[in-house]
Amino acid sequence: MLKHTIAVCLTAAGLVALAPAASAQAPITLSPEESQTLCAEWLPKLTQRTAKLTERINGGPEVRGSVANLKARAEGQRKKGHNDTADRLQKRADKRSGRLPELTAAKQKLDAFAAAHCKAGK
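Within each chain, residues carry numbers counting from 1 in the order of the written sequence. Two thresholds apply to this predicted model, a pLDDT of at least 70 for residue-level local features and 80 or more for giving and counting side-chain atom pairs, whereas whole-chain, interface and lining totals are computed over all residues. With hydrogens and water stripped out, all remaining heavy atoms of the structure feed into the side-chain values.

Caption draft 1: The arrangement of the nonpolar core in detail. Membership of the largest hydrophobic core is limited to 9 residues, which are Leu 53, Ile 57, Val 67, Leu 70, Ala 74, Ala 86, Leu 89, Ala 93 and Leu 103. We count a stretch as a helix when DSSP gives it H or I for four or more residues in a row; a strand needs E for two or more, and each element gets its number in order from the N terminus. For this core, the elements supplying multiple residues, two or more each, are helix H2 (32-57), helix H3 (67-79) and helix H4 (83-97). In this structure Ala 86 touches Ala 74, Gln 77 and Arg 78, once residues within four positions along its chain are discounted. Residues enter a nonpolar core if they are buried and are Ala, Val, Leu, Ile, Met, Phe, Trp, Tyr or Cys, with the set joined through side-chain atoms within 4.5 Å. In this scheme, a residue with accessible area under 20% of its type's maximum is buried, one over 50% is exposed, and one in between is partly exposed, where area comes from a 1.4 Å probe on protein chains only. Note on definitions: a residue-residue contact is assigned when non-hydrogen atoms from the two residues lie within 4.5 Å.

Shown next, in the form of structure tokens:
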């Protein structure tokens, strides 16, 4: 589920990032209602999703799916002599911590889009 959520978030951030590039080729026009919907509904949801994923990844050992949780589970498996499982969990922890820069970049792109295209006084 985490992979799916990250993929959706990054895809949405990629679409937001590509919007200026696409507008250089052909202008994309949105009605005021569509623009308002994008700024009022989609951007907050994507921003919240990015924040929740970042919080989960950075969570402590008690937070299911966090890097610390995966490392603690790997250590527990290693103590039991299950080295293959421990190695798999450690690889998952490493891969998950590598997602943080992607999430940070997605948040920055969402914030930049909101600042450029969403009016504060709606």
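Caption draft 2: Region of the structure containing the pattern of salt bridges. Between Lys or Arg on one side and Asp or Glu on the other, a salt bridge is scored when a side-chain nitrogen of the former is within 4 Å of a carboxyl oxygen of the latter. Scanning all chains against the criterion turns up 3 salt bridges. Across the pair Glu 102 and Arg 99 runs a salt bridge whose closest N-O atoms are separated by 3.2 Å. Judged by relative accessible area, which is 23%, Arg 99 ranks as partly exposed. Two residues, Asp 111 and Lys 107, come together in a salt bridge whose shortest N-O distance is 3.0 Å. Remark: Lys 107 and Asp 111 occur in helix H5 (residues 100-117); sequence separation between them is 4 residues, near one turn of the helix. By relative accessible area, which is 36% here, Asp 111 ends up partly exposed.

Caption draft 3: Structural view of the packing of H2 against H5. As a rule, the C-alpha atoms of each element are fitted with a line to give its axis, helices using only the stretch in contact, and angles between N-to-C directions run from 0 to 180 degrees. Closest axis-to-axis distance for the H2/H5 pair is 10 Å, and the angle between their directions is 155°. Of the possible angle classes, the one that applies to H2 and H5 is roughly antiparallel. For H2 against H5, the interelement crossing comes out left-handed. Across the interface between the two elements, Ser 35, Leu 38, Cys 39, Leu 43, Leu 46, Thr 47, Thr 50, Leu 53, Thr 54 and Ile 57 from H2 touch Leu 100, Leu 103, Lys 107, Leu 110, Phe 113, Ala 114 and His 117 from H5. Angular relationships are summarised with four words: roughly parallel below 35 degrees, roughly antiparallel beyond 145, roughly perpendicular across 65 to 115, and oblique for the angles in between. Throughout, a crossing is termed right-handed when the near helix is turned clockwise from the far one, and left-handed when it is turned anticlockwise from it by less than a right angle.

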